[in-house]
Amino acid sequence: MASKAALAAVDFTRIYSTLGLGKDTIAALQAFRKRHGDAQRIQSQYASQPTTVDLAHYRSVLKNKAIVDEAEKVLKDFKVVTYDVAAHIKAIETFEAKAVEKAQATAAQIDVELKELQATLANIEEARPFEDLTVEDVGNAHPRILEAVETMVTKGKWTVPGYKEKFGDLSLM
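Residues numbered from 1 in each chain as written. Predicted model: local features only at pLDDT ≥ 70, side-chain atom pairs only at ≥ 80, totals over all residues. Heavy atoms only, no water.

Turning to the overall build of the protein chain, a few remarks are in order. Along the backbone of the protein chain there are nine helices and zero strands. Listing the helices and strands of the protein chain from first to last along the sequence gives α-α-α-α-α-α-α-α-α. Counting over 173 residues, the protein chain shows a buried share of 3%. Looking at the protein chain as shown, the accessible area adds up to about 16,200 Å², and 62% of this sits on carbon and sulfur atoms. For the protein chain, the distance from the average position of its 23 positive side-chain charges to the average position of its 25 negative side-chain charges is 13 Å. (Helix = DSSP H or I, 4+ residues; strand = E, 2+ residues; numbered from the N terminus. Buried < 20%, exposed > 50% of the residue type's maximum accessible area, 1.4 Å probe, protein only. Areas by Shrake-Rupley, 256 points an atom, 1.4 Å probe, with all protein chains shown as cover. Lys, Arg positive; Asp, Glu negative; His and termini not counted. Charge placed at Lys NZ, Arg CZ, Asp CG, Glu CD.)

Below, the structure is given as structure tokens:
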């Protein structure tokens, strides 16, 4: 009974959203909850049914007493079959191990991304404003720009290709 009360108190939609579970994990949990609910309903349905057989009633109703005697003998000789659930438990443990492994991998990946984002944020906060940058700073950050400018100056090119097309001719003459 305590497990039913605990199950009713759990808000699974909030758990799914706050833990950031993957789609596969959420689908597997929902399928497991559905199978569990179905099994509980079937078990309660069978538990409410009577389990005894009134053989005296059948002896009084049926003319052929040998059938009732045979049924009584079968019922007395009946032994409950036990099933080996070790395979099912092993499958559940395997599923649990995979789920834990995926959760740990996800946590590790999130930690790495979080560190990268913190480093990027620190870099952004420490960066100088655009107005304070000099040509030397840009050249040091991207040496290819300095090489391209030096090549253009040595070849006598004083205009940047595509500049007039993009920004227009701003010369007054």
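Having seen the structure, we can now continue with the description.
This paragraph deals with the layout of surface pockets. Space inside the largest pocket adds up to approximately 360 Å³. G22, T25, A99, K102 and A103 are, among the 15 residues lining the largest pocket, the residues nearest its centre. For the lining of the largest pocket, the elements supplying multiple residues, two or more each, are helix 3 (23–47) and helix 6 (86–126). Class assignment for the residues of the lining of the largest pocket results in seven nonpolar, four polar and four charged. Reported here for the second largest pocket is a volume of approximately 260 Å³. Where the lining of the second largest pocket is concerned, the elements lending two or more residues are helix 3 and helix 6. Among the elements that take part in the lining of the second largest pocket, helix 3 stands out by supplying six residues, more than any other. Class assignment for the residues of the lining of the second largest pocket results in nine nonpolar, one polar and one charged. (1 Å grid on protein atoms, 1.4 Å probe; cavity = no way out; pocket = protein on both sides within 12 Å on 5 of 7 lines; lining within 4 Å. Points joined across faces, edges and corners; volume = space filled by probe spheres on them. Nonpolar A, V, L, I, M, F, W, Y, C, P; charged D, E, K, R; others polar.)

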